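Summary of structural features
As a plain string of letters, each chain reads:
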Amino acid sequence: MSGSVQDSTQRTIERVARESYGRLVAYLSAHTRDVASAEDALSTALVAALTAWPQDGVPQNPEAWLLTAARRSFIDLVRHRQVAAASEPTLLLLREESEDMSSSTVFPDERLKLLFVCAHPAIDPAMHTPLMLQTVLGLDAARIAHAFLISPTTMGQRLVRAKMKIRDSGIRFEVPQERELPPRLDAVLEAIYAAFGIAWDDMAGSDQGGRDLAEEAIWLARVLLHLMPSEAEVRGLLALMLHCEARRLARRDPDGRYVPLSEQDPRQWSLPLIEEAEHLIVEAASRGHTGRFQLEAAIQSVHAERARSGQTEWGAIVMFYEQLIRISPTLGTRTGHAAAVGEAKGPEAGLAVLAGIDPDDVSAYQPYWAVRAHLLQRLGKPEATDAFDRAIGLTEDPAVRQFLLQRRG
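Observations regarding the overall build of the protein chain
Within the protein chain one finds 21 helices and zero strands. Across the 409 residues of the protein chain, 47% fall into the buried class. Residue pairs in contact within the protein chain that sit at least 24 positions apart in sequence constitute 64% of those at least 6 positions apart. As displayed, the protein chain has an accessible area near 20,000 Å², and 51% of this comes from carbon and sulfur atoms.

What follows is the structure in structure tokens.
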């Protein structure tokens, strides 16, 4: 086989794995009640594809091929563990459903079920979001660990224990009854937003992986809204992500350089996405309960107004941040508040807000140092150089790093 064909096949396998991982794991898990074994079976199927597809060609339905191979792998795994008798109903079901999968074109999407399984109260609440990010959205332990600022080894061990809990506790793979949905909703919303945030960080230039993950997060929010149409925070989360997604193309110039929000050309923003987000914000407000995601969406809505008015109402953004801090005083919220105060009331006021944040909390928090550098530079303070250096050292995106280097001067 020529190198170009082999490379093309490799790219196809990577694309199918990226696009289908969550769907396949969720479907297998829903049938086997064993998330870890479903992931192992799918990994084996992907290895098999690396061997078979370059020789036999990419199948007409790659997703169905992987699902059939994963089912067979799971059956072999159960037999190897010598628990076939106890698992006979599952084995029979898998065997029957595997018979005609090679020609199947669709199968049920079970990801929403798996999201709520991962948010079950029997599982450590601290693991709800990481578990969803791995099982439903296919992120590896190292990437999740980075987002949660712990070691990959520790995160991997915790994920394994959480999956064993699902298996050993006999948690049912189904969307909970309506009365059981609200207690799990916050964890599901957090996971979807965490996935979108990771995608946003990864979405440098033409990074397809970042775009795919962002689209998955938005899709999950839409499905969740269909399931829980009366929940204002679901609408708020979807509105927030749509406002951010509307500006994706404006984040880089034609040469791939980073463009901050304040300098983006609003003509590059997606008006249909903005209009949809605005409609969702209005509907959410009519529900009579204001939550974190609605307030974050409202902040983005004020920024979006620049497409119409040409100006940013920083006073309104400060007001929304003040409300947000009351219910979600996170480091990100407090840093964003300082930046908004700096724009609305001057750099000294912004720096005063930053001064109220515990220095131990911000030692490795890049946005804090970027905001501090900007405010100090506006005042002509020499300390701005040190703040820029801290921000640059903590920046992973090469385009953002280059932008800060240029601003540092």
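Next comes the rest of the description.
Digging into the pattern of salt bridges
Considering all chains together, one arrives at 18 salt bridges under this definition. Measuring nitrogen to oxygen at the nearest pair gives 2.2 Å for the salt bridge that ties Arg111 to Glu216. Separated by 105 residues along the polypeptide, Arg111 in helix α5 (residues 111-118) and Glu216 in helix α10 (residues 208-227) bring together distant segments of the chain. With a shortest N-O distance of 2.9 Å, Glu296 and Arg292 are connected by a salt bridge. Of this pair, Glu296 and Arg292 both sit in helix α13 (residues 292-304), four residues apart, which is roughly one turn of that helix.

With respect to the packing of helix α17 (residues 347-355) against helix α19 (residues 366-378)
As a packed pair, α17 and α19 sit with axes 9 Å apart at the nearest point and diverge in direction by 150 degrees. Note on packing geometry: the crossing formed by α17 with α19 is left-handed. Here α17 contributes Pro347, Gly350, Leu351 and Leu354 to the contact with α19, which in turn contributes Tyr368, Val371, Arg372, Leu375, Leu376 and Arg378. When its residues are assigned to classes, the contact of α17 with α19 shows seven nonpolar, one polar and two charged.

Details of the packing of helix α11 (residues 232-246) against α13
One can describe the packing of α11 onto α13 by two numbers: an axis separation of 8 Å at closest approach and a directional angle of 35 degrees. Handedness of the α11/α13 crossing: left-handed. Across the interface between the two elements, Ala232, Glu233, Gly236, Leu237, Ala239, Leu240, His243 and Cys244 of α11 pack against Arg292, Phe293, Gln294, Glu296, Ala297, Gln300, Ser301 and Ala304 of α13. Tallied by class, residues from the contact of α11 with α13 come to eight nonpolar, five polar and three charged.

A few points about the packing of aromatic side chains
Across all of its chains, the model carries four aromatic pairs by this definition. Considering the side-chain rings of Tyr193 and Phe293, the 5.4 Å spacing of their centres and the 80 degrees angle between planes classify their relative orientation as edge-to-face. Taken together, the positions of Tyr193 in helix α9 (residues 181-202) and Phe293 in helix α13 put the pair 100 residues apart, joining distant regions of the chain. Since its relative accessible area comes to 3%, Phe293 is described here as buried.

Conventions adopted
Residues numbered from 1 in each chain as written. Predicted model: local features only at pLDDT ≥ 70, side-chain atom pairs only at ≥ 80, totals over all residues. Heavy atoms only, no water. Helix = DSSP H or I, 4+ residues; strand = E, 2+ residues; numbered from the N terminus. Buried < 20%, exposed > 50% of the residue type's maximum accessible area, 1.4 Å probe, protein only. Contact = heavy atoms within 4.5 Å. Areas by Shrake-Rupley, 256 points an atom, 1.4 Å probe, with all protein chains shown as cover. Salt bridge = Lys/Arg side-chain N within 4 Å of Asp/Glu carboxyl O. Axes fitted to C-alpha atoms, helices over the stretch in contact; angles between N-to-C directions. Left-handed = near helix turned anticlockwise from the far one by under 90°. Nonpolar A, V, L, I, M, F, W, Y, C, P; charged D, E, K, R; others polar. Phe/Tyr/Trp six-rings, centres within 6.5 Å; stacked < 30°, edge-to-face > 60°.

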